[in-house]
Amino acid sequence: PGTFQDIAQAAGQMLSVADTYALDTSRVIAAGHSAGGHLALWLAASSRIHDHLLFSSVQVVRLMGVLGLAPAADLAYLHQTGVCENVVDKLMGGSPTGFPDRYALGSPIERVPIGVPQLLVVGTYDDNWSPVGRRYFAAAEATNDQVRLIEASQSGHFEMIDPDSSTWPLVRDADE
């Protein structure tokens with residue numbers, strides 16, 4: 001679970017170097033693929049987490065939006081499916097039953113609405129990650145969060161990050 005601290009601190013570091021590198025911190029988005037999509041969504045929601053040893057940071061940049069490509073956004077569901085040899089349990093230090101607070105704080109689906117525009121791209125042929133992306137989309141949409149879903153009809157899990165694929169234009173030309 002120290003991963004969450006690392007992500008928040010890295011994003012916060014942007015604020016401390018903004019003047020040095022002329023960064024416009026009012027125009028920051030987070031983007032990620034798969035586990036990175038999970039962390040991008042989580043980062044957007046993390047500003048509402050305070051005073052928790054593993055899941056909060058003193059200084060976090062406010063995001064304008066999130067691009068989640070095949071995001072692993074529902075950790076309890078991924079635990080149930082046992083995807084990638086129970087990789088979620090390794091991230092969270094155990095199961096949702098053993099660490100319910102970690103799953104509640106670390107799973108984007110538990111943090112909706114996150115209050116920033118989100119664009120999710122899932123691949124039709126991605127049997128492991130598209131269901132979780134769709135589950136997150138439904139949960140975010142049910143809370144009237146600002147979320148949009150693109151179904152990449154010719155994509156599995158990796159095509160959306162391959163600039164030579166037929167799916168790449170959907171990502172490149174996304175307007176959010």
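Everything here concerns the structure above.
Parameters and conventions
Residues numbered from 1 in each chain as written. Predicted model: local features only at pLDDT ≥ 70, side-chain atom pairs only at ≥ 80, totals over all residues. Heavy atoms only, no water. Phe/Tyr/Trp six-rings, centres within 6.5 Å; stacked < 30°, edge-to-face > 60°. Helix = DSSP H or I, 4+ residues; strand = E, 2+ residues; numbered from the N terminus. Buried < 20%, exposed > 50% of the residue type's maximum accessible area, 1.4 Å probe, protein only. Lys NZ or Arg CZ within 6 Å of the ring centre and 35° of its normal. 1 Å grid on protein atoms, 1.4 Å probe; cavity = no way out; pocket = protein on both sides within 12 Å on 5 of 7 lines; lining within 4 Å. Points joined across faces, edges and corners; volume = space filled by probe spheres on them. Nonpolar A, V, L, I, M, F, W, Y, C, P; charged D, E, K, R; others polar. Expected span 1.5 Å × (residues − 1). Arc of directions from axis to C-beta. Contact = heavy atoms within 4.5 Å.

**Student:** Give a detailed account of the packing of aromatic side chains, specifying residues and quantitative values.
**Tutor:** Counting across every chain of the model gives one aromatic pair. Here Phe-4 and Trp-42 contribute two aromatic rings whose centre-to-centre distance is 5.0 Å and whose plane-to-plane angle is 65°, an arrangement assigned as edge-to-face. One end of the pair, Phe-4, is in helix 1 (residues 2–17); the other, Trp-42, is in helix 2 (residues 35–45), with 38 residues separating them in the sequence. Classification of Phe-4 by relative accessible area gives buried; the value is 0%. Residue placement shows Arg-102 over the ring face of Phe-99; its charged tip is 4.1 Å from the ring centre.

**Student:** Requested: an account of the layout of surface pockets, with residues and values cited.
**Tutor:** Space inside the largest pocket adds up to approximately 180 Å³. Elements with a minimum of two residues in the lining of the largest pocket: helix 2, helix 3 (75–81) and helix 4 (83–92). Partitioning the lining of the largest pocket into residue classes produces nine nonpolar, three polar and no charged.

**Student:** So what's going on with helix 1? Residues and values would help.
**Tutor:** Helix length check: helix 1, at 16 residues, gives a terminal C-alpha distance of 23 Å against a target of 22 Å (1.5 Å per residue), a fit within 8%. Those residues of helix 1 not exposed but buried are Phe-4, Ala-8, Ala-11 and Gly-12. The buried residues of helix 1 all sit within an arc of 95° when viewed along its axis, so they share a single face. Away from its buried face by more than 90 degrees, helix 1 exposes Asp-6 and Ala-10. In this structure, the buried side of helix 1 is in contact with helix 2, helix 4 and helix 5 (100–106).

Without other data, these values stay purely geometric and don't point to any function.
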